[in-house]
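Single-letter residue listing:
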Amino acid sequence: MSLYHETAAIVTSPSSHGGSLKSRIYGNKDLKSPPAQVYALAFESSKWSAVLKEVVESSQLLQHERKLTPALSILLVHDLLLAKKGIALPASHGLRISVEKHKARLQSEFTRARIRRKCPTLEALKAAVDAQLGPPHPRWIRVNSLKSTVDGQLDSTFKGFEMVATVQEVMASASTGKKVICLDAHIPNLIAASPGVDFTKTEAYQAGAIILQDKASCFPAYLLDPRPEHGDIVDACSAPGNKTTHLAGILHERGFAQGQRILAFEKDKHRAKTLEKMVRTAGSEKVTVIHPGADFLKTDPNAPEFRSVGALLLDPSCSGSGIVGRDDTPEFHLPSATASSSSNSSSKSSSKAALNGAANAKNLKRKRQSPPPQTVLVDDDGKETVVSSEKALQARLEALASFQLKILLHALAFSAATRVTYSTCSTHAAENEKVVRRALRSPVARSGGWRVLRRDEQPRGLREWPVRGDPEALLNDDDAGDRNDCDKDEVITEACVRADREDGRGVMGFFVAAFVRDKGPHCDGGEMDDGDNDGPYVRDAQGRIVRDENGIPTLKATGRKAVIEVETNGGAAVELRFGQGEDENGDGPFERDAEGRIVRDGNGIPRLKGGRLAVDLGSEELNEGSSEGEGGDEDEWGGFDD
């Protein structure tokens, strides 16, 4: 079997093009073994190689088995001691026999290595090894409100987990082996769980009741703050679907307006299939219209089908420099092939030859120039671009920023839109703050009355998020030009939201900003065309929707409250509400507890601030009853993780 030989060749050979371990393996068309198997063996063996190096050297395995190479010894000993099924070779295979006959000695040295690290159990040693890879990010789990509730998951999926107060305590559990969780303080329905815990086999994950999604990846939908009065919502770059389904979950809690849809665009047809599966599994297929193979940039913002689009979420391709786990492969430690004991006569006689060989190798190194340092940009589609100089890096970032600005300006051109979020998983200001400022100073934004959503206007969780835009990003920027109150640098940077993967908050590197336009004077002094863009609700002189004490808007066409009373089979009146709106705190019309969570009755129905219950029948026909995601289990869910 070629698995071990092929993996040994990969872990001991430098990349010929500077790519990540995964790209080198999956891009190797000459592999005979399954790429997934090779990658798993290479990564796990690299992670454990510092420990296994001690085990191999202390047991003198390479001195007893001359046919083994240092790399092969690490790979085989890893599977012998740590793989559930042991060495993946036939029992009669020579490599397997050569290692297994030293099993007792290897296990003994492995135990000594664990004790030296002061780890009382194998689980503790595993946690210590994982901790050496860098800051242990928690496992972020978003509870899908379309199918479940936080309370329901606490009683099922997370039963037996210890509840802690902070994310830092969750991250610290990596070194203790404890299973702990923390309810996130910024994003509703988000839970941080101990690193390394596998949720992909749980019933909730398979059913789409929980979704693995990094906290920072939840920022765009939460900042967009979609509401029934916003009309149709566009997700311009949708696959794999985490943000698309998050939008659906937020609107589900507030109540979809009649006919309101989420329009999901994905120009890659293969990725569109992934999107379709996730939307179906999450239970949002009835309110999501997927445009497979459709390029958002080729849509006509003024087309009749987009006349009701009031909010857009943009998460275009970027450099991917903020994603956790990219190019973070551990070093592969090789054991020494010589015995650690004193040299015998035969080793002395060969020492001169060894010294001569080392000298020759040294001379060869002097003649060979070191390759220039390379940076690998991996976009969110997994595509790699190698840049070998700072100049090449800047050129690549400028190309990305140009595309990102184009898609942002296209979104701002939708006539009925009043809210747009722009996000990247990049740490580069060229793709972030600079794109935002260029957009604000564009004719499209100025003529349309667009401005940034200021920090004090943002939903509470992101108002309180401490990491803001980089104030130095816009200094010495060539894109100067006239300024007004809407696009002052300090306003922009404070409105921008950043996440840093190295700051101890357990998130990936990320950036998001929101654009809004108000009814009334433009920033440049113009007036917006009021036309029919106010939507179906009555507004006051300041352009705010008029609501009653329960937060219910008044329909412009009838002058009546946007409430329909119907009778259920039992004869009881049920209220179908449209347009749940925000109050001065931005919390919406529902009662909330001290932690900001919506208060619900025993059936999960939210309670309005006036004390009455709101019944959300979604976008289903009234005679179809409640839509609880029926049919969502047609296919087994594999799931996706940002």
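Scoring rules and cut-offs
- Residues numbered from 1 in each chain as written.
- Predicted model: local features only at pLDDT ≥ 70, side-chain atom pairs only at ≥ 80, totals over all residues.
- Heavy atoms only, no water.
- UniProt positions renumbered as here; feature names shortened; annotations may be inferred.
- Core = buried A, V, L, I, M, F, W, Y, C linked by side-chain atoms within 4.5 Å.
- Buried < 20%, exposed > 50% of the residue type's maximum accessible area, 1.4 Å probe, protein only.
- Helix = DSSP H or I, 4+ residues; strand = E, 2+ residues; numbered from the N terminus.
- Contact = heavy atoms within 4.5 Å.
- Pairing = 2+ DSSP bridges.
- Axes fitted to C-alpha atoms, helices over the stretch in contact; angles between N-to-C directions.
- Parallel < 35°, antiparallel > 145°, perpendicular 65-115°, else oblique.
- Left-handed = near helix turned anticlockwise from the far one by under 90°.
- Nonpolar A, V, L, I, M, F, W, Y, C, P; charged D, E, K, R; others polar.
- Salt bridge = Lys/Arg side-chain N within 4 Å of Asp/Glu carboxyl O.
- Disulfide = S-S within 2.5 Å.

- Looking at an unreviewed UniProt entry, one finds the chain named S-adenosyl-L-methionine-dependent methyltransferase and attributed to Corynascus novoguineensis.
- What UniProt states about the chain under its Sequence similarities (unreviewed entry) heading is, verbatim, "Belongs to the class I-like SAM-binding methyltransferase superfamily. RsmB/NOP family."

**Comments concerning the nonpolar core**
Argument step 1. Ranked by size, the top nonpolar core spans 40 residues in total, and within it Tyr 4, Leu 76 and Val 77 carry the most contacts.
Argument step 2. Here this core takes 9 residues from helix α5 (residues 70-82), the largest share from any one element.
Argument step 3. Not counting chain neighbours up to four residues away, the residues in contact with Leu 76 comprise Tyr 4, Leu 68, Ile 87, Leu 89, Leu 95 and Val 99.
Argument step 4. Of all hydrophobic cores here, the second largest spans 34 residues; its members include Leu 312, Leu 440, Ala 495 and Phe 511.

**A word on the sheet that holds strand β5 (residues 210-212)**
Argument step 1. Read from one edge to the other, the open sheet built from 5 strands follows the order β2-β3-β4-β1-β5, with strand pairing classed as mixed. Looking at strand neighbours, the two that pair on one side only are β2 (162-163) and β5, the edges of this open sheet.
Argument step 2. Two elements, strand β1 (residues 139-143) and β5, share 3 bridges in a ladder whose sense is antiparallel. Within β5, the residue paired with Ile 141 across the bridge is Leu 212.

**Topic: the packing of helix α1 (residues 3-12) against helix α3 (residues 35-59)**
Argument step 1. Packing of α1 against α3 leaves a shortest axis separation of 10 Å and a crossing angle of 55 degrees. Classed by the angle they form, the pair α1 and α3 counts as oblique. The handedness of the crossing between α1 and α3 is right-handed. Between α1, through Leu 3, Tyr 4, Thr 7, Ile 10 and Val 11, and α3, the contact on the second element is made entirely by Gln 37, Val 38, Leu 41, Ala 42 and Ser 46.
Argument step 2. Taken together, the residues of the contact of α1 with α3 sort by class into 7 nonpolar, 3 polar and no charged.

**Focus on the pairing of strand β3 (residues 180-183)**
Argument step 1. As judged from the 2 bridges shared by β2 and β3, these two strands associate in the parallel manner. Counterpart to Glu 162 in the pairing with β3 is Val 180.
Argument step 2. Here 3 bridges tie β3 to strand β4 (residues 190-193), and the two strands are oriented antiparallel to one another. Bridging across to β4, Cys 182 finds its partner in Ala 192.
Argument step 3. Between the end of β3 and the start of β4, which pair antiparallel, lie 6 residues, with Asn 189 showing a positive phi angle near 65 degrees.

**Quick look at the UniProt feature "binding site: S-adenosyl-L-methionine" (unreviewed entry) in the chain**
Argument step 1. Mapped onto this numbering, the UniProt entry annotates "binding site: S-adenosyl-L-methionine" (unreviewed entry) at Cys 237, Ser 238, Ala 239, Pro 240, Gly 241, Asn 242, Lys 243, Glu 266 and Asp 315. These annotated residues cover 79 residues of sequence, and their C-alpha atoms lie no more than 13.1 Å from one another, placing them together at a single site.
Argument step 2. When you line up the elements, Ala 239 lands in the loop between β6 (232-235) and α13 (242-254).
Argument step 3. Overall, the relative accessible area of 11% leaves Ala 239 in the buried class.

**Regarding the pattern of salt bridges**
Argument step 1. As enumerated under the stated definition, the model contains 25 salt bridges in all.
Argument step 2. One salt bridge in this structure joins Glu 109 and Arg 112, with 3.2 Å as the shortest N-O distance. Linking Glu 109 with Arg 112, this pair stays in helix α7 (residues 103-116), spanning 3 residues, or about one helical turn.
Argument step 3. Its salt-bridge partner being Glu 123, residue Lys 126 comes within 3.8 Å of it at the nearest N-O pair. Of this pair, Lys 126 and Glu 123 both sit in helix α8 (residues 122-131), 3 residues apart, roughly one helical turn.
Argument step 4. The exposure class of Lys 126 is partly exposed, given its relative accessible area of 29%.

**Observations concerning the environment of Ile 492**
Argument step 1. Following the sequence through the fold, Ile 492 ends up in helix α21 (residues 489-495).
Argument step 2. C-alpha of Ile 492 to C-alpha of Asp 470: the two residues are 22 residues apart in sequence and 9.6 Å apart in space.

**Looking at the state of the cysteines**
Argument step 1. The tally for this structure, following the rule as stated, stands at 0 disulfides.
Argument step 2. Free of any disulfide, Cys 425 has its nearest neighbouring cysteine sulfur in Cys 318, separated by 3.3 Å.
Argument step 3. Using a relative accessible area of 6% as the deciding quantity, one classes Cys 425 as buried.

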